[in-house]
Amino acid sequence: MPHSVRGRARAQCIAVGTAVPERRLTNAELEKMVDTTDEWIVSRTGIRERRIAPPGQGLSHLAIAAGKNCLAQAGVAASDLDGIIVATITGDYVMPSTANLVQHGLGATKAWGFDLLNACNGFVAALSAATAYIESGHASRILVVGGDIMSSVVDYRDRNTCILFGDGCGAVLVEAGPPEGRGVVDFEMHSDGAAGGDLIIPCSGSAGILNAEALARGDQYVKQNGIVVFQQAIRRMAEVCESLLGRLSLTGADVDLLVPHQANKRIIEPTAKRLGLASSKVVLNIDRMANTTAATIPLALADAAADGRLVPGSRVLLAAFGGGLTWGACYLTWGRT
Ligand code: COA
């Protein structure tokens, strides 16, 4: 039974489920679409292939599958969920929220749900929100979904961006547990809106009018100042990890597994180095999945569970950086108490 005494619970992360599209888009195929090479992509990013959803298939398709998979592993019925938070920038629609579609698709009859927009830092943000609901006693079980269909907002004529992104979805069940037990220990979140224009989809809301000129410019697609984002990501990922661990009087020696956002292998490696972590303690799946925005962390958690590195009791550090700019980290011990 989950603990739900107000102010007396810890948010336990008890299972992770995923769903990715079957279709693989390889670097060799991209070589035929834009002026790039497999060698450039692998050496600059670490990416070899990415998954791509069929055009028009909404995120909810993957989110419902990931949610079912997660609940089955946790042994929890959808009807026992209190809430669903979907972190995404590519939900099926702006209205209704994808969380509502997932609620219906799972048969989570008593759950509320909402979407959370925080780009590549969306999963950490959604987990921090779920933690606050659970620690305050406002919910006992929340499904935290991170997913994106980046192929719907990527311009496959732009070599600067189209090689970077992929589609996928993951879901983690967060459940109230005893206050001294396993679960989320702490998190830290940051924003810098001044640099918002460096990673933007210009026509994706009320400020961008998608007229013929905007369509011709491709303003419905992701635009990125790659080098600025890259430099900020390296700096901020390491900074937030050190700050969070420092606040907890911990060091890299207290981390069994770093599960970082997968934007670029050359962002992840310096972060791990700053923390003094051996490569065996760092989850990397960017070669197969690329940057799936809000999905990277749950997809990486699932990979680590599958290869035996993520087990109940593992001390895990999550870290992410993305468009906003936004960055954050979360330290937790995995599994049910
Ligand atoms: N193939 C070949 N050349 C490419 C290319 C591609 N797919 N994409 C860009 N280039 C070219 C550019 O046009 C530029 O050429 P120029 O110097 O003649 O103008 C050059 O490569 C840029 O090279 P460089 O500066 O060495 O690249 P980089 O090391 O900065 O790597 C990124 C570029 C995009 C991989 C890197 O900036 C990055 O990872 N940024 C952040 C990525 C991210 O995922 N952000 C999302 C959220 S966190």
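Attention here is on the structure that accompanies the text. (Residues numbered from 1 in each chain as written. Predicted model: local features only at pLDDT ≥ 70, side-chain atom pairs only at ≥ 80, totals over all residues. Heavy atoms only, no water.)

Considerations on the site of the ligand
Then comes step 1: The immediate surroundings of the ligand are formed by 21 residues, with Thr36, Arg44, Gln224, Asn264 and Arg266 found nearest.
Then comes step 2: Between an oxygen atom of the ligand and a side-chain N or O atom of arginine 159, the distance comes to 3.0 Å.
Then comes step 3: In this structure, an oxygen atom belonging to the ligand sits 3.4 Å away from a side-chain N or O atom of asparagine 291.
Then comes step 4: Starting from 970 Å² of accessible surface for the ligand in isolation, the protein chains cover 73%.
Then comes step 5: For the shell around the ligand, the elements supplying multiple residues, two or more each, are α2 (38-45), α6 (159-162) and α8 (226-247).
Then comes step 6: With four residues, α8 is the largest single contributor of residues to the shell around the ligand.
Then comes step 7: Residues that form the shell around the ligand fall into these classes: nine nonpolar, eight polar and four charged.
Then comes step 8: Taken domain by domain, the shell around the ligand gets at least three of its residues from each of domain 1 (10-182) and domain 2 (184-192 + 225-333). (Near = heavy atom within 4 Å. Polar contact = N/O pair within 3.5 Å; in protein donor to acceptor, adjacent residues only side chain to side chain. Areas by Shrake-Rupley, 256 points an atom, 1.4 Å probe, with all protein chains shown as cover. Helix = DSSP H or I, 4+ residues; strand = E, 2+ residues; numbered from the N terminus. Nonpolar A, V, L, I, M, F, W, Y, C, P; charged D, E, K, R; others polar. Domains from an automatic or database assignment.)

Observations concerning the sheet that holds strand β8 (residues 183-191)
Then comes step 1: Taken in spatial order, the four strands of this open sheet run β8-β13-β12-β11, and their pairing is mixed. The open sheet terminates on both sides in strands that have one partner only, identified here as β8 and β11 (257-260). On average, adjacent strands in this sheet sit at an angle of 15° to one another, irrespective of strand direction.
Then comes step 2: For β8 and strand β13 (residues 326-333), the ladder comprises eight bridges, and the chain directions are antiparallel. What sits directly across from glutamate 188, in β13, is alanine 329.
Then comes step 3: In this fold α8 packs onto β8, β11, β12 (315-322) and β13, with an angle of close to 145° to the strand it touches most, β12. (Pairing = 2+ DSSP bridges. Axes fitted to C-alpha atoms, helices over the stretch in contact; angles between N-to-C directions. Contact = heavy atoms within 4.5 Å.)

Notes on the pairing of strand β4 (residues 83-87)
Residues in a regular strand project their side chains so that they alternate between the two faces of the sheet.
Then comes step 1: The buried fraction of β4 amounts to five of the five residues, a majority that puts the element mostly inside the structure.
Then comes step 2: In the classification by handedness, the crossover that spans β4, the intervening helix α4 (residues 98-106) and the parallel strand β5 (residues 112-116) is right-handed.
Then comes step 3: The pairing of β4 with strand β6 (residues 141-149) spans five bridges and is classified as parallel. Each bridged residue has a counterpart across the sheet, and for isoleucine 84 the counterpart in β6 is leucine 143. (Buried < 20%, exposed > 50% of the residue type's maximum accessible area, 1.4 Å probe, protein only. Right-handed = clockwise from strand over helix to strand, strands pointing away.)

Some thoughts on helix α5 (residues 122-135)
Then comes step 1: Under the 1.5 Å per step criterion, the end-to-end length of α5 is 20 Å for 14 residues, consistent within 8% with the ideal 20 Å.
Then comes step 2: Burial analysis of α5 places 11 of its 14 residues in the buried class, the great majority of the element.
Then comes step 3: When we look at burial in α5, the residues that qualify are Gly122, Phe123, Val124, Ala125, Ala126, Leu127, Ser128, Ala129, Ala130, Thr131 and Ile134. (Expected span 1.5 Å × (residues − 1).)

Topic: the pattern of salt bridges
Then comes step 1: All told, the structure shown has 18 salt bridges when counted by the stated rule.
Then comes step 2: We note a salt bridge from arginine 141 to glutamate 175, for which the minimum N-O separation is 2.7 Å. Of this pair, arginine 141 sits in strand β6 while glutamate 175 is found in strand β7 (residues 167-177), placing the two residues 34 residues apart along the sequence.
Then comes step 3: A salt bridge links arginine 309 to aspartate 307; the shortest N-O distance between them is 3.3 Å.
Then comes step 4: Arginine 309 sits in the partly exposed class, given a relative accessible area of 28%.
Then comes step 5: In the salt-bridge network here, residues are joined through shared partners; they are Arg141, Glu175 and Arg336. (Salt bridge = Lys/Arg side-chain N within 4 Å of Asp/Glu carboxyl O.)

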